[in-house]
Amino acid sequence: MKKQSRLKIVAASAILLGGMAFLVVAMTRSTSMRHFTPALLVAAGAEAHDQRVQVDGLIAKGSSQWDAVDFKLTFAVRDRETEATVNVIYEDRLKPDNFKDGGSVFVEGKYDATQNLVVATKLMTKCASKYEGAESAVPTDETSYTSE
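Residues numbered from 1 in each chain as written. Predicted model: local features only at pLDDT ≥ 70, side-chain atom pairs only at ≥ 80, totals over all residues. Heavy atoms only, no water.

Asks: Explain the overall build of the protein chain to me, please; I cannot follow it from the model alone.
Replies: Summing up its helical and strand segments, the protein chain has two helices and seven strands in all. Listing each helix as α and each strand as β along the protein chain from the N terminus yields α-β-α-β-β-β-β-β-β. Put simply, the protein chain has 148 residues, and 27% of those count as buried. The contacts in the protein chain between residues at least 6 apart in sequence include a share of 53% that link residues at least 24 apart. Here the protein chain displays about 10800 Å² of accessible surface, and carbon together with sulfur accounts for 57% of that area. (Helix = DSSP H or I, 4+ residues; strand = E, 2+ residues; numbered from the N terminus. Buried < 20%, exposed > 50% of the residue type's maximum accessible area, 1.4 Å probe, protein only. Contact = heavy atoms within 4.5 Å. Areas by Shrake-Rupley, 256 points an atom, 1.4 Å probe, with all protein chains shown as cover.)

In structure tokens form, the structure reads like this:
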């Protein structure tokens, strides 16, 4: 009896652990996404088609259009080093306050290589004002500190 009982416990444990491992792998695949620059995403094209991706770059000047009635924002993300761009559509959400042409942006969504389009589910802008005025933190001759 003891041998059968141990065998049942071992079998149940193996099934439980196998099921948990399967769930971890399945969830990791469904939530993982690759990070691209616009140039790398365009180059990957077919490989990234219909996949969830992350793209970061600059908002191409003159590319943004905001439809306040339908909450629809369209724009292009330009690569920081090349002229490559990826089009983005961001619907049913408000436009971020600090969204402006030339600003830095981070987008997550599903990529359609046939249209070179990311249907965004997440949009984040970086605020340049956080980095302005760093010179004021450096002491000048008049305000330099001395240890006496």
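Asks: How should I be thinking about unusual backbone geometry in this particular structure?
Replies: Keep in mind that most residues, glycine aside, have a negative phi and that most peptide bonds are trans. Non-glycine residue F71 carries a positive phi angle of around 50°. Here F71 is to be found in the loop between β3 (65-67) and β4 (72-78). Judged by its relative accessible area of 36%, F71 is partly exposed. For N116, which is not glycine, the phi dihedral falls at a positive 50°.

Asks: Explain a nonpolar patch on the surface to me, please; I cannot follow it from the model alone.
Replies: There is a patch of nonpolar side chains on the surface, built from L16, L17 and M20 and spanning about 340 Å² of accessible area. By the element assignment, L16 lies in helix α1 (residues 2-31). (Patch = residues over 30% accessible without salt bridge, like charges linked within 9 Å, V, L, I, M, F, W, Y side chains within 5 Å. Salt bridge = Lys/Arg side-chain N within 4 Å of Asp/Glu carboxyl O.)

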